[in-house]
Amino acid sequence: SLFTDRGTATTSGSLVVRTANAGAAGVSGALMFSSGTTSSASSGELRVGTGTSYKGKGGSISISVGDGTSTDGGVVTVLAGKTTGTGTAPAGGLEGHGGHVFIAGGETTSAAGDDKTGGIVSITGGVSSSQHGGHVYVATGVASSHTGGFMSLFTDRGTAKSSGSLVVRTANAGTAGVSGALTF
């Protein structure tokens, strides 16, 4: 266990885990947080979270990678686990599904009329000043022996008022181009 202690009157202690800067001919040291492997049950979980706030905002979690001043910026990869097994689950069901990735905005339970919205989920490609802007790819998986993955894009209902709108559009073109195409 590695932890800081509480502040009985004010702030609790911070915890900093970092490697030192590299020398002129090296790279900075890596940080690795990992649970161990297992041969008979689920491997250990890795949880990252912030505490609940009763009078202010909940704590944020920020994951960012370094800039590249002369080469590419760092990559962020979020990847669920693959499976190679087709064994039988204890309840008789067939195991072997790939791991899921869930991204969801936070819920609000404010009273009706408070004009509070649920949390926003925003996915945006990067800005470019010399070439194409960053792409955003959303694709379903290939199936080698069955139907390919489904894709559902929908807005949710408003139980008291209108349901959400769905807008699919390309941006206006610049002076020397044409607006982007839509293909259905």
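Rules used throughout
Along each chain, the written sequence defines residue order, and numbers are assigned to residues from 1. Only residues with pLDDT of at least 70 get local features here, since the model is predicted, and only at 80 or more are side-chain atom pairs given and counted; chain-wide, interface and lining totals rely on the full set of residues. As a rule here, side-chain values come from all non-hydrogen atoms in the structure, and water together with hydrogens is ignored. Think of it this way: any DSSP run of H or I at least four residues long counts as a helix, any run of E at least two long counts as a strand, and we number them from the N terminus. Here the radius of gyration uses the C-alpha set of atoms, whereas the globule reference equals 2.2 Å times the residue count to the power 0.38. Exposure categories follow from relative accessible area, calculated using a 1.4 Å probe and restricted to protein chains: below 20% of the type maximum is buried, above 50% is exposed, and the middle band is partly exposed. Between two residues, a contact is recorded if the distance between any of their heavy atoms is within 4.5 Å. Every accessible area reported is derived by Shrake-Rupley at a probe size of 1.4 Å, with residue values counting cover from the shown protein chains alone. The positive count covers Lys and Arg only, the negative count covers Asp and Glu only, and His and the chain ends enter neither. By convention, the point assigned to a charge is CZ for Arg, NZ for Lys, CD for Glu and CG for Asp. A cavity here means a set of 1 Å grid points, computed over protein atoms only, where a 1.4 Å probe fits but cannot escape. A pocket is an open set with protein on both sides within 12 Å along at least 5 of 7 lines, and lining residues have an atom within 4 Å of a point. Grid points are joined across faces, edges and corners, and a volume is the space filled by probe spheres set on the points. Throughout, the ten residues Ala, Val, Leu, Ile, Met, Phe, Trp, Tyr, Cys and Pro are labelled nonpolar, Asp, Glu, Lys and Arg are labelled charged, and all others, Gly among them, are labelled polar. Only one rule defines a salt bridge in this text: a Lys or Arg side-chain nitrogen within 4 Å of an Asp or Glu carboxyl oxygen.

Undergrad: An account of the overall build of the chain is needed here, citing residue identities and associated values.
TA: Counting its secondary structure elements, the chain contains zero helices and zero strands. Taking 2.2 N^0.38 as the reference for a compact globule, 184 residues should give roughly 16 Å; the C-alpha atoms of the chain span a radius of gyration of 23 Å, well beyond that estimate. Out of the 184 residues in the chain, the part that is buried amounts to 1%. Sequence separation of 24 or more characterises 0% of the internal contacts of the chain that already satisfy a separation of 6 or more. Only carbon and sulfur atoms are counted for the fraction: they give 52% of the accessible area of the chain, which is about 17,700 Å². A distance of 5 Å separates the average location of the 10 positive side-chain charges in the chain from that of its 9 negative side-chain charges.

Undergrad: So what's going on with the layout of surface pockets? Which residues, and what values?
TA: For the largest pocket, the calculated volume is near 730 Å³. Every residue lining the largest pocket is counted, 14 residues in all, and those nearest its centre are Val101, Phe102, Ile103, Val121 and Ile123. Classifying every residue of the lining of the largest pocket by side-chain character gives eleven nonpolar, three polar and no charged. In terms of lining, the second largest pocket is formed by Phe33, Leu46, Arg47, Val48, Ile61, Ser62, Ile63, Ser64 and Val65.

Undergrad: I'd like a rundown of the pattern of salt bridges, residues and numbers included.
TA: Summed over the entire model, instances satisfying the criterion amount to three salt bridges. Residues Asp5 and Arg6 are paired through a salt bridge, measuring 3.7 Å at the closest nitrogen-oxygen approach. Residue classification places Asp5 among the exposed residues on the basis of a relative accessible area of 53%. Residue Arg6 is classed as exposed on the basis of its relative accessible area of 64%.

Keep in mind these values describe shape, not function.
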